[in-house]
Every structure is written in C-alpha cells, then in structure tokens.
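Overview (structure and organization)
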Amino acid sequence: MNQKKAQEVFSPGGLPESTYITRQAKMGFTYEERLNQALNMSGYLTSISGQSKIGKTVLCEKVVGLDHLIEVSGSDFLEKDDIWRKIGTKAGMPNNAEITNNACRSGSMKESYLLTKESVIEYFKEKELVLLLDDFHYADSAMQNHMAQQFKDAIRKGFKVIIASLPHRSDDAIRTNPDLQGRINIIDIEMWTKEELKEIPKAGFKELEVEISKKAIDKLAEESICSPHLMQLICLNICVLEKVDELEVNKIKDEILERSFKFSTLNLNYSQIADTIKQGKNSRGKSRKTFRTDKVKDLDLYELILESITIDPPQTKLILTELMSRINSLVKGEEKPTTKSLKEYLKNLQEVLTSKDRSYEVIEWKDDTLFILEPLFLFFLRWGAE
Ligand SMILES: Nc1ncnc2c1ncn2[C@@H]1O[C@H](COP(=O)(O)OP(=O)(O)O)[C@@H](O)[C@H]1O
Ligand SMILES: [Mg+2]
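Residues numbered from 1 in each chain as written. Chains lettered and ligands numbered in written order. Predicted model: local features only at pLDDT ≥ 70, side-chain atom pairs only at ≥ 80, totals over all residues. Heavy atoms only, no water.

Per an unreviewed UniProt entry, the protein goes by the name ATP-binding protein and belongs to Anoxybacterium hadale.

Right under this line is the structure:
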C-alpha cells in the first residue's frame, strides 16, 4: 500500500507539493526565478498577470512561502475601507492593542501598535512579510487608483507587494500609473502548454506508484484545456474512482478516463450559466429562428453557439470564421445562419453576460473572437451535459 494519499499528491485549488511544476518563463528562466528576482528589488512593486486559475497565487505561495505571504483579495476592499487597517489585521497585527515586546533589551516593554500605514509597513519589514493583493481586478477602479497611490509611497519605504490580476484589464491602475513607471516588475504568466500539463500526472502517478499510459496522459492534457487546476482535479478524481488509496492499484486503465471526466464535472456548477447563454437576450415575445440539427429539437443561434464550442478539439479561442464553420457543421438543414446574424447574436450574448455578476465571465466576445475565459466551463459543457 502507498504511504501518500491521492489528495496529498493532487491538489486542485491548493498548493501542490509533489505535483508542483516549475515552468520556464522567458529566456530560459523559470517563473520562480523571475519572481524571486522581482522581490529582491527594493522599491519596486511586482505585477503578475495571467488567466484565471493559471497559477498566480500558487507561484507566490511557492516562492515567498506560506509563513511570509499575507494574502488579501481585491474583493475584500470596499470603497470606503481603510486599506492599511485591513492589511495590518490580515497580517495578524493586534488592533490598537498594547502588546508586550520581550525581545527588547530593557526587559519587557509595552508597545502600542496602531494600525497606521507606517506601523503596518514597519511590521511587514520586521517580520519579512510580503503582501499578495490577489484578484486586484475585483476592486472597483476608484479603489484601485487609491491603492496604487498608497503603494507608490509604501514601496519606497521597503514595503513588499505583489499585485495579481487577469491580463489586459483593470490592472491598468498599476501598469499605466505614471508615478509607478520604472518601479514595476512585470510578470506575465503564459498559457500552459500540453507538455507542461503532462508533467502533473507524470509526477503524481509516479509518486503514488501507479502506472499510467502515454496515451492516457495525452488525453488528459487535451481535456485539461490549458488548465493545471483542471488537470489536478481530473487526476484526483481518477484516484477516487479507482480507489487508489484503498486498493492495490498498479495501473490506470485507459477505459476509465471518460468516466472520470464525467465524474469530475460533478464538482462544477455551471448549469445556470449555460442556461443563461441558451436563453440569450430577451426577444420580447418574438420567436427566434431555429435550425435543424442532429439533436432532438431544432436549435436557435444561442444554443448553436454553445453547442459549437463543445465540439472537438476543445479550444480556448475561436475566431469568427472558425465559429461559423463549427456551427455550419452542426446545422443539417438547407438553411444555414448568416455571419451577420451570428455576429448580432454574439453581441447580444456579450451584453447579457456583462449585465450579470462576475461568475458569468466564462466566455467573452471581443474583436470578432470568442474567448473561452474559464476552461472549467468548457470542460463542463463537454462532459457535464447528459
Ligand atoms: N505550477 C503549478 N504546478 C502544478 N499545479 C499548479 C501549478 N500552478 C497552479 N496549479 C494548479 O492550479 C490551481 C489554481 O492555481 P492558482 O494559483 O489558484 O491560480 P490563479 O491564482 O492564477 O487563479 C492550483 O490550486 C493547482 O492545483
Ligand atoms: Mg489566485
């Protein structure tokens, strides 16, 4: 029997140990080396960007270490918040209380820690802490600007901060801030390649002393759609299904892969979002044009859009012509939708999604391209619908 449990090896949503993969960033340096370099530059702020669940948080946890990393989220900050009080409290500073400092030469001494900007900066320096302001894009833009202003001053005093956000979006408050120019270390995390993703099952199943075929690993990399999170989730579910912790399992059978994909969708909750997309924009009583397909019922363009992104191979972006040809391959009748109407539907669909909360940011229609922002959503569409 193996000593390690599957959940200690595969860690969807957490910091993996044996399945943590070190990736190459630019010019043969790893992301870990790059972040380490950035954190060693005093007076600089570090800005990390990358798609959701690509590994921004995990990278910081790995490099800084959980004991020294103080994590706060952009969504923790509301318009009127005193940011330093929040940060100090999160770092474990007592709130306005007097604490005893035994380390002082003159015996024990009472010290009063007021949660001011200065005391928070001092506390961070003394304890060698690094602030990770995660999901910065969740803070509203006034708050982002306020924080950029505050950090500009704090980093000069030796405060270390990493700001993580989605690419090319609201992190502009940092990257385009004129006062911060020349004071930012930029780390852009690129999409995972299939080869990099394959390292996760290779390392994990080796650790568990379970064999898995090359063919199965290829299939896993294909279905994980650039997402290390998804790869960790599927691998863990394979172990649960096959009872790797309880039985003497020597080899993962190729046949169980599809069952484990379906099984993994049970952890995902996207049916309401899929329904919203299928409903599309309110057509005010007018009936929509439908098209004949192989499905039980005819589909309108919203349903066809959703159906078309689930076709093989899974792809994180589809340009208009690709989308059109996928839809045409689904429509079996004589009459096909026009490009003009497809664009109209996509525009309306984007309006609907934008009007909802941020959990609906799973796909985005922009620059004549449909981006799949959330690989887990695509995976759910491919394997979750019965
Ligand atoms: N370098 C890595 N090696 C192995 N798995 C990773 C790696 N980076 C991320 N993961 C997996 O993806 C999950 C999501 O990563 P996370 O850092 O939370 O993403 P982000 O902060 O970019 O949204 C992690 O919990 C882990 O399971
Ligand atoms: Mg994160």
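Scanning the protein for helices and strands turns up 16 helices and 14 strands. Looking at the protein residue by residue over its 386 residues, the buried ones come to 48%. In the protein, of all internal contacts separated by at least 6 residues, the share reaching a separation of at least 24 is 69%. Surface accessibility of the protein: about 20000 Å² in total, with carbon and sulfur atoms responsible for 48%. Each charge sign in the protein was given a centre, from 56 positive and 61 negative side chains, and these centres are 3 Å apart. (Helix = DSSP H or I, 4+ residues; strand = E, 2+ residues; numbered from the N terminus. Buried < 20%, exposed > 50% of the residue type's maximum accessible area, 1.4 Å probe, protein only. Contact = heavy atoms within 4.5 Å. Areas by Shrake-Rupley, 256 points an atom, 1.4 Å probe, with all protein chains shown as cover. Lys, Arg positive; Asp, Glu negative; His and termini not counted. Charge placed at Lys NZ, Arg CZ, Asp CG, Glu CD.)

A word on the domain arrangement of the protein. Under the domain assignment used here, the protein contains domain 1 (6–13 + 192–265), domain 2 (26–188) and domain 3 (271–383). Inter-centroid distance (C-alpha atoms) of domain 1 to domain 3 is 30 Å. Taken together, the contacts link 14 residues of domain 1 with 10 residues of domain 3. Taken together, the two surfaces of domain 1 and domain 3 that pack against each other cover about 1100 Å², and 77% of this comes from carbon and sulfur. (Domains from an automatic or database assignment. Buried area = accessible area lost by both parts, 1.4 Å probe.)

Residues of helix α9 (residues 214–223) that are buried: Ala216, Ile217, Leu220, Ala221 and Glu223. Taken from the residues just after α9, Ile225 is the one with a positive phi, measuring 45°.

For the rest of this paragraph, the subject is the packing of aromatic side chains. Throughout the structure, instances matching the rule amount to 10 aromatic pairs. Between the aromatic rings of Phe10 and Phe205, the centroid separation amounts to 5.1 Å while the plane-to-plane angle is 55°, which identifies the pairing as tilted. Pair noted here: Phe10 is in the loop between α1 (6–9) and α2 (31–39) and Phe205 is in helix α8 (residues 194–207), with a separation of 195 residues, a long-range link. Residue classification places Phe10 among the buried positions, given a relative accessible area of 1%. Here the aromatic rings of Tyr270 and Phe377 are separated by 5.6 Å at their centres, their planes lie at 70°, and the arrangement is edge-to-face. Of this pair, Tyr270 sits in the loop between α11 (256–265) and α12 (271–279) while Phe377 sits in helix α16 (residues 375–383); the two residues are 107 residues apart in sequence, bridging distant segments of the chain. Both residues of the pair, Tyr270 and Phe377, count as buried. Through a chain of ring-to-ring contacts, the aromatic side chains of Trp84, Phe124, Phe151 and Phe159 assemble into a single cluster. Lys356 extends its terminal NZ or CZ atom over the ring of Tyr360, reaching a point 5.6 Å from the ring centre. (Phe/Tyr/Trp six-rings, centres within 6.5 Å; stacked < 30°, edge-to-face > 60°. Lys NZ or Arg CZ within 6 Å of the ring centre and 35° of its normal.)

This part covers the site of ligand 1. The environment of ligand 1 is formed by 21 residues, the closest being Ser11, Gly14, Lys53, Lys56 and Thr57. Ile54 places a polar main-chain atom, nitrogen or oxygen, 3.2 Å from an oxygen atom of ligand 1. The backbone of His229 places a nitrogen or oxygen atom 3.4 Å from an oxygen atom of ligand 1. Considering ligand 1 on its own, with 560 Å² of exposed area, one finds that the protein chains cover 92% of that surface. Looking at the shell around ligand 1, the elements that each hand over two or more residues are α3 (56–64) and α10 (228–241). Split into classes, the residues belonging to the shell around ligand 1 amount to 9 nonpolar, 10 polar and 2 charged. (Near = heavy atom within 4 Å. Polar contact = N/O pair within 3.5 Å; in protein donor to acceptor, adjacent residues only side chain to side chain. Nonpolar A, V, L, I, M, F, W, Y, C, P; charged D, E, K, R; others polar.)

Below, the discussion takes up the pairing of strand β1 (residues 45–49). With 5 of its 5 residues buried, β1 lies for the most part within the structure. The two faces of β1 match: Leu45, Ser47 and Ser49 on one face and Thr46 and Ile48 on the other face are all buried. As paired strands, β1 and strand β7 (residues 184–188) are joined by 5 bridges and run parallel to one another. Among the inter-strand pairings, Thr46 is bridged to a residue of β7, identified as Asn185. (Pairing = 2+ DSSP bridges.)

Following the criterion strictly, the structure yields 23 salt bridges and no others. For Arg288, the salt bridge is made with Asp300, and the minimal N-O distance between the two is 3.3 Å. Here Arg288, found in the loop between α12 and β10 (290–291), pairs with Asp300, found in strand β11 (residues 299–300); they are 12 residues apart in sequence, far enough to count as distant. In this structure Arg288 comes out as partly exposed when scored by relative accessible area, which is 24%. Asp300 sits in the buried class, given a relative accessible area of 7%. (Salt bridge = Lys/Arg side-chain N within 4 Å of Asp/Glu carboxyl O.)

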